[in-house]
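Overview (structure and organization)
Given next are the chains, with one letter for each unit.
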Amino acid sequence: MRTPKLITNYGHLSDTDLAAMATRTADALRTNTNFPELDPAFEAYEPVALDYVAKQAITASGRASGVQKEEKDEARERLLVMMRKVAGYINNFTEVSSVQLSSGFLPVSSPKTSRVPRASAWARLADSNRPGELLLKFEAIREAYLYEMQIASRLDEAGEPAWEDLDPAPRATGNFYAPVTDGVTYYFRVRSRNKKGVSQWSPVHALRARVNN
């Protein structure tokens, strides 16, 4: 029987998603009594998590200075190291899945293929070397044979992305969207499919397009 484990490396997450994970884990661990001897201690973890959340919020406005961006990147690296240590400790401390998950960290997916695929833990838009194009990046899912993608370039009346379907992709690499308009914010999400069904949508990632002239 497979031993449940938590993901220890969160370097693939976007800045926004990592800030959400920092808040999620700090909230989950703050009053958690399942890990009385957490190592590193919560008193060491929380300041690092909240420091990154605060610095990421500053840079997310798009008006941050170069120094502020550098401080955010340094805070991100400190948080990733701390997350790896805390999640690794919990993996070694207990093999009870419900106790592990009470920490707020994410589980390592099962390698089984006889079930509906799980959702990608992250999706990301990135600038391309080619003008007027965005790269579509996301976590590859072992049990998926097709990825359904959606993109939006505006919000609807409810403030939600007005999604448009893209052509399905057979793999998680080499995907792109074009043409894009300079200054427009694009939103992207993806879900996995196999013969058993379709996953939930991934977290949404947004990026303001910068078209090279």
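In this report, we go over the structure that sits alongside the text. (Residues numbered from 1 in each chain as written. Predicted model: local features only at pLDDT ≥ 70, side-chain atom pairs only at ≥ 80, totals over all residues. Heavy atoms only, no water.)

**A closer look at the overall build of the protein**
Along its length, the protein carries four helices and eight strands. In the protein, the succession of α and β elements from N to C terminus is α-α-α-α-β-β-β-β-β-β-β-β. Here the C-alpha radius of gyration of the protein, 19 Å, is about what a compact globule of 213 residues would show, namely 17 Å. Its C-alpha atoms give the protein principal-axis dimensions of roughly 55 × 50 × 35 Å. Here the protein holds 213 residues, and 42% of them are scored as buried. Residue pairs in contact within the protein that sit at least 24 positions apart in sequence constitute 68% of those at least 6 positions apart. As displayed, the protein has an accessible area near 11900 Å², and 49% of this comes from carbon and sulfur atoms. Side chains of the protein carry 28 positive and 26 negative charges; the gap between the two charge centres is 6 Å. (Helix = DSSP H or I, 4+ residues; strand = E, 2+ residues; numbered from the N terminus. Rg over C-alpha atoms; globule rule 2.2 N^0.38 Å. Buried < 20%, exposed > 50% of the residue type's maximum accessible area, 1.4 Å probe, protein only. Contact = heavy atoms within 4.5 Å. Areas by Shrake-Rupley, 256 points an atom, 1.4 Å probe, with all protein chains shown as cover. Lys, Arg positive; Asp, Glu negative; His and termini not counted. Charge placed at Lys NZ, Arg CZ, Asp CG, Glu CD.)

**Quick notes on helix α1 (residues 15-30)**
For an α-helix, 3.6 residues make a turn, and residues three or four places apart therefore share a direction. In this model, α1 (16 residues) spans 22 Å end to end at C-alpha, consistent with the 22 Å of a helix rising 1.5 Å per residue. Residues Asp17, Leu18, Ala19, Met21, Ala22, Thr25, Ala26 and Leu29 constitute the buried set of α1. Taken together, the buried residues of α1 touch α2 (42-60) and α3 (66-93). (Expected span 1.5 Å × (residues − 1).)

**Looking at the pairing of strand β6 (residues 185-194)**
Within β6, seven of the 10 residues are buried, which leaves it mostly tucked inside the rest of the structure. Bridge count between β6 and strand β8 (residues 205-208): four bridges; the pairing is antiparallel. Bridged to Thr185 within β8 is Arg208. Where β6 meets strand β7 (residues 197-198), two bridges bridge the pair, whose relative direction is antiparallel. Within the sheet, the bridge partner assigned to Asn194 lies in β7 and is Gly197. (Pairing = 2+ DSSP bridges.)

**A look at the sheet that holds strand β5 (residues 175-177)**
Spatial strand order, β1-β2-β5: three strands in an open sheet with antiparallel pairing. Each having just a single partner strand, β1 (123-127) and β5 make up the two edges of the open sheet. Averaged over all neighbouring strand pairs, the angle between strand axes comes to 35°, with direction disregarded. As judged from the three bridges shared by strand β2 (residues 134-138) and β5, these two strands associate in the antiparallel manner. Across the sheet, the residue bridging to Leu134 is Tyr177, located in β5. (Axes fitted to C-alpha atoms, helices over the stretch in contact; angles between N-to-C directions.)

**Considering the packing of aromatic side chains**
Under the defined criterion, the tally for this structure stands at seven aromatic pairs. Pairing Phe35 with Phe93 gives two aromatic rings, centres 5.8 Å apart and planes at 70°, and the pair type is edge-to-face. With Phe35 in the loop between α1 and α2 and Phe93 in helix α3, this residue pair connects regions lying 58 residues apart in the sequence. Between Tyr177 and Tyr186, the aromatic rings sit 6.1 Å apart at their centres with planes inclined by 55°, giving tilted as the arrangement. The class of Tyr186 is buried, set by a relative accessible area of 4%. (Phe/Tyr/Trp six-rings, centres within 6.5 Å; stacked < 30°, edge-to-face > 60°.)

**Notes on the side chain of Asn194**
Relative to the helices and strands, Asn194 is located in strand β6. A polar side-chain atom of Asn194 sits 2.9 Å from the main-chain carbonyl oxygen of Arg115. At a separation of 2.8 Å, a polar atom in the side chain of Asn194 contacts the main-chain amide nitrogen of Lys196. (Polar contact = N/O pair within 3.5 Å; in protein donor to acceptor, adjacent residues only side chain to side chain.)

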